[in-house]
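Chain by chain, the residues run as shown.
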Amino acid sequence: MASQAEKPKVYKGLEGIYVTETRLSYIDGLHSKLYYVGYPIEALAKNSTYEEVAFLLYFLRLPRKDELDLFKALMAEARELPEDVLNVVKKMASLKAHPMDIVRTAVSYLAAYDPEVGVNTPESNLRKSLRILSKAPSIIAAMYRFSRNLDYIPPRKDLSHVENFLYMLHGKRPTEFETKVMDVIFILHAEHGMNASAFASLVTISTLSDIYSAVVSGIATLKGPLHGGAAEAAYHQFKEIGSPDKVEEWVQKALASKRRVMGMGHRVYKSYDPRAKFMRELDGEIAKIYGGEPKLLYEIAIKLEEVALKEFAEKGRMDIQPNIDYYTPIAYTALGIPPEYFTTIFTASRIVGWTAKAMEYLKDPRLIRPLDLYVGELDKEYVPIDKRG
Ligand code: CMC
């Protein structure tokens, strides 16, 4: 064993470690900046659709009009789910399984219906990625409908990716504003550097496993409340507070008992998450248009941000600021999406990031195999079971 002097450094949480090179996204955590393939996130969220951003992440350039039309048609064509997958979703919904567990299982089950599952060529991986990406909203809409004893609404090919998703959820075509809000949510969640779920899916693909398995690893990892599950937790936190005038008291109690403010803080952003900034502005519009619960949540969120940031600043923690999960619950609520579904929508969007990263990694793969530092004893004497005290 290494002596104390030569003890290797353990990078807990792999903080500060680069594991690969990428052209997909860049986070400037000190200056509130996020880029996809060099494009500032704000320009994409304002002007693009999710399909255009998916094309960008897969092909590392924005599409021409004819290319985008073909890409959208291919995605629309792949929305249907096999009957057996629908049955599994229905069964799990009847067992009241968590929506993330249902998506994880359904994506895994879909692999059995993909004739190319074991083929790891770039062309095949792109086709499979598009299939998973296109089917994910159908899985979410199916479980939403089944868990409410409503009929499944089959996908429509004439609608955009997010328009069709909202149609399959609620049975009516969304307004232009609702479609734009959902496009923004999908675009802002599409890709985000070497986060925990991206790393989990990269570890899987680095063993030359398959794209479905990589996505399943990503889903399993995204579920946690320190990662994708934070939006659901932030929603419950706003509900627990109940009204803006209860914020001060709640913050004092929460911080005194070492509770975290959900939707704040980030391993990479040490300034305001630009996605949260974009959502905050959009939420302001939503609150005005919708009133009701979205408006109340918005007012609580704004007040909580003001009070919590003041408290953090007094402790010298100016780096703890809202992240994207802080401001999405307001938009989700306006779109009629219940909290237990928030992370599934993050998932549906992030599949493009996981699969694009997996395909990028497969261009020059290396098995991911770090080390752990053994700190136990060695050469212990084996004592037979009847002689152990
Ligand atoms: N509320 C209160 N204190 C906090 C918070 C917070 N949201 N975030 C960090 N801190 C404090 C806290 O005191 C913690 O100390 P302790 O270990 O004693 O609890 C210390 O800062 C850790 O700071 P850090 O080293 O900067 O944080 P980290 O890199 O280990 O954690 C984080 C980053 C996102 C896990 C953390 O900020 C957190 O738990 N936030 C709440 C959950 C959340 O919003 N997650 C969504 C992340 S963004 C979406 C995504 O990519 O999935």
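Residues numbered from 1 in each chain as written. Predicted model: local features only at pLDDT ≥ 70, side-chain atom pairs only at ≥ 80, totals over all residues. Heavy atoms only, no water.

**What to know about the site of the ligand**
- Taken together, 19 residues lie near the ligand, and H227, R260, V261, M264 and R267 sit nearest.
- With respect to the ligand, the side chain of R267 contributes an N or O atom lying 2.6 Å from an oxygen atom.
- With respect to the ligand, the side chain of N323 contributes an N or O atom lying 2.9 Å from an oxygen atom.
- The fraction of the free accessible surface of the ligand (950 Å²) that becomes covered by protein chains is 74%.
- Tallied by class, residues from the shell around the ligand come to 8 nonpolar, 6 polar and 5 charged. (Near = heavy atom within 4 Å. Polar contact = N/O pair within 3.5 Å; in protein donor to acceptor, adjacent residues only side chain to side chain. Areas by Shrake-Rupley, 256 points an atom, 1.4 Å probe, with all protein chains shown as cover. Nonpolar A, V, L, I, M, F, W, Y, C, P; charged D, E, K, R; others polar.)

**A closer look at the domain arrangement of the chain**
- The domains assigned to the chain are domain 1 (25-224 + 340-361) and domain 2 (230-334).
- Both sides together, the interface formed by domain 1 and domain 2 hides about 2,100 Å², and carbon and sulfur atoms give 71% of it.
- Of all residues in domain 1, the largest losses of buried area upon contact with domain 2 belong to F177, L188 and F342, amounting jointly to 31% of the total for that side.
- The interface formed by domain 1 and domain 2 includes 0 salt bridges.
- Along the contact surface separating domain 1 from domain 2 lie 5 residue pairs in polar contact (both at pLDDT 80 or more).
- Among the secondary structure elements, those contributing two or more residues to the side of domain 1 that touches domain 2 are strand 2 (33-36), helix 1 (41-47), helix 8 (176-189) and helix 16 (342-362).
- A per-element tally of the side of domain 1 that touches domain 2 places helix 8 first, with 7 residues.
- Of the residues belonging to the side of domain 1 that touches domain 2, the class tally is 13 nonpolar, 8 polar and 6 charged. (Domains from an automatic or database assignment. Buried area = accessible area lost by both parts, 1.4 Å probe. Salt bridge = Lys/Arg side-chain N within 4 Å of Asp/Glu carboxyl O. Helix = DSSP H or I, 4+ residues; strand = E, 2+ residues; numbered from the N terminus.)

**Some words on the pattern of salt bridges**
- Across all of its chains, the model carries 23 salt bridges by this definition.
- Notably, a salt bridge pairs R156 with D158, separated by 2.8 Å at the nearest N-O pair.
- R156 gets classed as partly exposed once you look at its relative accessible area, which sits at 27%.
- Because the salt bridges share partners, they merge into one network encompassing R61, R64, D66 and E67. (Buried < 20%, exposed > 50% of the residue type's maximum accessible area, 1.4 Å probe, protein only.)

**Describing the nonpolar core**
- With 122 residues, the main nonpolar core has Y36, M182 and L304 as its most contacted residues.
- Examining the composition of this core, we find that 12 residues originate from one element, helix 16, more than from any other.
- Looking at which domains feed residues into this core, each of domain 1 (25-224 + 340-361) and domain 2 (230-334) supplies at least three.
- In contact with Y36, other than residues within four places in its own chain, are L24, S25, I41, L44, V53, L56, L57, I187, L188, H189, A190 and E191. (Core = buried A, V, L, I, M, F, W, Y, C linked by side-chain atoms within 4.5 Å. Contact = heavy atoms within 4.5 Å.)

**Here we look at the side chain of E360**
- Mapped onto the elements of the fold, E360 is located in helix 16.
- With sequence-adjacent residues up to four places away left out, E360 is seen in contact with E21, T22, R23 and L24.

**Looking at unusual backbone geometry**
- The phi torsion at K96 lies on the positive side, around 60°, for a residue other than glycine.
- Within the secondary structure layout, K96 lies in the loop between helix 4 (83-94) and helix 5 (99-110).
- Owing to a relative accessible area of 72%, K96 belongs among the exposed residues under this scheme.
- Unusually for a residue other than glycine, K258 sits at a positive phi of about 65°.
- With respect to the secondary-structure elements, K258 resides in the loop between helix 12 (247-256) and helix 13 (274-290).
- The class of K258 is exposed, set by a relative accessible area of 77%.

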